[in-house]
Amino acid sequence: GESVGLHLPTLSVQEGDNSIINCAYSNSASDYFIWYKQESGKGPQFIIDIRSNMDKRQGQRVTVLLNKTVKHLSLQIAATQPGDSAVYFCAESSSNTGKLIFGQGTTLQVKP
Amino acid sequence: GAGVSQSPRYKVAKRGQDVALRCDPISGHVSLFWYQQALGQGPEFLTYFQNEAQLDKSGLPSDRFFAERPEGSVSTLKIQRTQQEDSAVYLCASSLGGGLTEAFFGQGTRLTVV
C-alpha cells in the first residue's frame, strides 16, 4: 500500500474568521516568493507572490508579508470560506531560473 | 488548451517497467519544470527547460530518470526500470520565462509502482 507521509501542520478556523499561515524559507539569496493552494487531486494553484524588494502585498482577500531579516513569510486570508480549505505551500525562488523550492505545507480546515 | 495538461492522470507500473509521462505546457510558455511530490509532502524540483534546452537537471534522483523537450513545447519525463520509491505525483509547470513570472501547474500524473 501507500507509505504514510509526513503529517502536515493543520490550522483549523471558523468560517468568517481570518487565517494566518506561516512559513520559514531557507535561502537568503531567494528574491521571489509565492504562495500556492493545493486541493486534493489537483496541482498547486497560484495565490499571490511577492518580490524581495517589498515587505507586503495585497490581493483579493489575501495578504502576503515578507520579513527578510528572519526569513519568514506569512499568508493572511480574510473572512475565510469553506472553499479555502486546502493545503497551502510557500515557495521560494531566485530570479535566475524560476526553480521553486517548496516549504512543508499547512493544511487549512474551515469549519462552517 | 487553456492550462497545462498532463497525461496520463494515473499510471500503475510493475516494478522494473519503463514509463513515460507527458506534459503539454501553455502555448508560448518558454520555461517548463518537472516536480515530484510524495504523499503528504511539498513538490520537489526535478528538472527545468528553457525552450528545448535542459538548463538544470540537478533534481533528477538517479540516471533512471530522463526528461526531454525536443521542440521546445511538449515534454516527456521517462523513468526506466521503475522502483517502488518512484511512486509519487509528477507535476509539470510552465511559465512565460524568467525567474519572476508565475508558474502554472498541471494536475499531475500519479504513478504507483507495484
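Cut-offs used in this document
- Residues numbered from 1 in each chain as written.
- Chains lettered and ligands numbered in written order.
- Predicted model: local features only at pLDDT ≥ 70, side-chain atom pairs only at ≥ 80, totals over all residues.
- Heavy atoms only, no water.
- Helix = DSSP H or I, 4+ residues; strand = E, 2+ residues; numbered from the N terminus.
- Rg over C-alpha atoms; globule rule 2.2 N^0.38 Å.
- Contact = heavy atoms within 4.5 Å.
- Lys, Arg positive; Asp, Glu negative; His and termini not counted.
- Charge placed at Lys NZ, Arg CZ, Asp CG, Glu CD.
- Buried < 20%, exposed > 50% of the residue type's maximum accessible area, 1.4 Å probe, protein only.
- Areas by Shrake-Rupley, 256 points an atom, 1.4 Å probe, with all protein chains shown as cover.
- Buried area = accessible area lost by both parts, 1.4 Å probe.
- Salt bridge = Lys/Arg side-chain N within 4 Å of Asp/Glu carboxyl O.
- Polar contact = N/O pair within 3.5 Å; in protein donor to acceptor, adjacent residues only side chain to side chain.

Caption draft 1: Layout of the overall build of chain B. Looking only at helices and strands, chain B features 0 helices and 11 strands. Whereas a compact globule of 114 residues would reach a radius of gyration of roughly 13 Å, chain B reaches 13 Å, a difference of no more than 12%. Seen along its three principal axes, the alpha-carbon backbone of chain B occupies a region of about 35 × 25 × 25 Å. Long-range pairs, those at least 24 residues apart, make up 52% of the contacts in chain B between residues at least 6 apart in sequence. Charge-centre separation for chain B: the mean point of 11 positive side chains lies 8 Å from the mean point of 11 negative side chains.

Caption draft 2: Examining the overall build of chain A more closely. Across its full length, chain A holds 0 helices and 10 strands. The order of helices and strands in chain A, counted from the N terminus, is β-β-β-β-β-β-β-β-β-β. Over its C-alpha trace chain A gives a radius of gyration of 14 Å, about what one expects of a compact globule, namely 13 Å for 112 residues. Principal-axis analysis of the C-alpha atoms gives chain A an extent of 40 × 40 × 25 Å. Buried residues in chain A amount to 42% of all 112 residues. In chain A, the share of contacts with a sequence separation of at least 24, taken over all contacts with a separation of at least 6, comes to 53%. Accessible area for chain A stands at about 5900 Å²; split by element, carbon and sulfur atoms hold 46% of it.

Caption draft 3: Region of the structure containing the interface of chain A and chain B. On the chain B side, the residues contacting the 26 residues of chain A number 24 residues. Between chain A and chain B, roughly 2000 Å² of surface is buried when both sides are summed, and carbon and sulfur atoms account for 56% of that area. For the pair chain A and chain B, the interface holds 1 salt bridge. Here K99 of chain A makes a salt bridge to D56 of chain B, at a shortest N to O gap of 3.8 Å. Applying the counting rule to chain A against chain B returns 4 residue pairs in polar contact (both at pLDDT 80 or more).

Caption draft 4: Seen up close, the side chain of T106 of chain A. Residues and elements named next belong to chain A. Within the fold, T106 resides in strand β10 (residues 106-111). With relative accessibility at 12%, the residue T106 sits in the buried group. Here T106 is in contact with P9, L11, I21, N22, A86, V87 and Y88, once residues within four sequence places are set aside.

That's the geometry; what it means functionally is another story.
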